[in-house]
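# Secondary and tertiary structure notes
Residue-level listing of the chains:
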Amino acid sequence: RDTNEQVGMLGLGSKSAFSYTKQYTLTRFDGTEHQEYVCFIDGAGLPTVSALPPSPSTEPRGVKITFPVQQQDIPAFKTAIEKVMLGFDTLPTILNETWAPQPLTIIMEGPNYKVFQHPSLSGPQVRQGNVLYSLELPKVIPHAGWDLRQMDIIIDVPIGTVSVSTSRESLGYDAQTILNLKQAWDKALDHIQSTLQATLDAVEDFHDACTKYGELY
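To keep things clear, this report deals only with the structure shown in the data block. (Residues numbered from 1 in each chain as written. Predicted model: local features only at pLDDT ≥ 70, side-chain atom pairs only at ≥ 80, totals over all residues. Heavy atoms only, no water.)

## Points about the packing of aromatic side chains
Centre distance and the angle of the planes are the two values used to describe a pair of aromatic rings. Defined as follows: Each pair of aromatic rings taken from Phe, Tyr and Trp, with Trp reduced to its six-membered ring, is defined by centres within 6.5 Å and is described as stacked if the planes are under 30 degrees apart, edge-to-face if over 60, and tilted in the remaining cases. In this description a helix means any DSSP run of H or I spanning at least four residues, a strand means any run of E spanning at least two, and both kinds are numbered starting from the N terminus. Each residue's exposure class comes from its accessible area (1.4 Å probe, protein chains only) as a fraction of the maximum for that residue type: buried when under 20%, exposed when over 50%, partly exposed otherwise.
Summed over all chains, the structure comprises 4 aromatic pairs. Here Y20 and F67 contribute two aromatic rings whose centre-to-centre distance is 6.0 Å and whose plane-to-plane angle is 55°, an arrangement assigned as tilted. Taken as a pair, Y20 in the segment before β1 (23-29) and F67 in the loop between β5 (62-66) and α1 (74-85) lie far apart in primary sequence, 47 residues in all. For Y20, a relative accessible area of 31% corresponds to the partly exposed category. Measuring from ring centre to ring centre gives 5.1 Å for Y20 and F77, while their planes differ by 85°; the resulting arrangement is edge-to-face. Placement of the pair is Y20 in the segment before β1 and F77 in helix α1, with a sequence separation of 57 residues. Note on F77: relative accessible area 25%, which makes it partly exposed. Feature note: the residues Y20, F67 and F77 constitute an aromatic cluster, connected by ring pairs.

## What to know about the pairing of strand β9 (residues 131-134)
Along any regular strand the residues' side chains alternate between the sheet's two faces. Under the convention used in this document: At least two bridges found by DSSP between two strands is the condition for calling them paired.
In this structure, strand β8 (residues 125-128) lies alongside β9, joined through 4 bridges in antiparallel fashion. Bridge pairing in β9 links Q125 to S134.

## Description of the pattern of salt bridges
Selection rule: Whenever Lys or Arg places a side-chain nitrogen within 4 Å of a carboxyl oxygen from Asp or Glu, that contact is recorded as a salt bridge.
In the structure shown here, the tally under the stated rule is 6 salt bridges. Note that D156 and R127 form a salt bridge whose closest N and O atoms lie 2.6 Å from each other. One end of the pair, D156, is in strand β10 (residues 153-157); the other, R127, is in strand β8, with 29 residues separating them in the sequence. Residue classification places D156 among the partly exposed residues on the basis of a relative accessible area of 22%. Here R127 falls in the buried class, since its relative accessible area comes to 11%. One salt bridge in this structure joins E136 and K139, with 3.2 Å as the shortest N-O distance. Given a relative accessible area of 39%, E136 falls into the partly exposed group. Taking the relative accessible area as the measure of exposure, K139 reaches 42% and is therefore partly exposed. Linked through salt bridges whose partners overlap, the residues forming this network are R28, D30 and E33.

What follows is the structure, encoded as structure tokens:
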């Protein structure tokens, strides 16, 4: 709560697995040992954690969360994983699968944005930390045209720039968040416009300018 250098705060993320299963296992590795924690819903319906004794381990530092997934739910998990991972600069390594998340195709990028193509993601997005949030542009730019509202662009903002809903699924459009989003959006659009104009200015005649415009469009 007191720093913008780390994500988290509400205490919900660590319980996310309970939205799908009643029991899962969390394993921590610290470089010298590992320890498992069994998380489950007890008889009273409350989330409970039971820690097992630690054991020696040479695995690198990290955390592993495991839970069983029903066969019919695997495609939905793949789709969700792919969309979530698009917010990460480094995509994960998928083990025991021939499938891997498809990365973004970057069309154009600048100091705080990326214009992209991807079959599972479309429209304006805001990335805070590693998390992508769909941007409801009319709430920020009320008179934004249809072309801007459909623009496949990711706007990067520092942690703490925008508020989010309790569910963490969407942005919170309070006054300060709207102001910050407008500034970030204007910065991205100004850079796009100046870059495109410079590209058009570099051609030698009107015919070439029209051709270049068509390519850019």
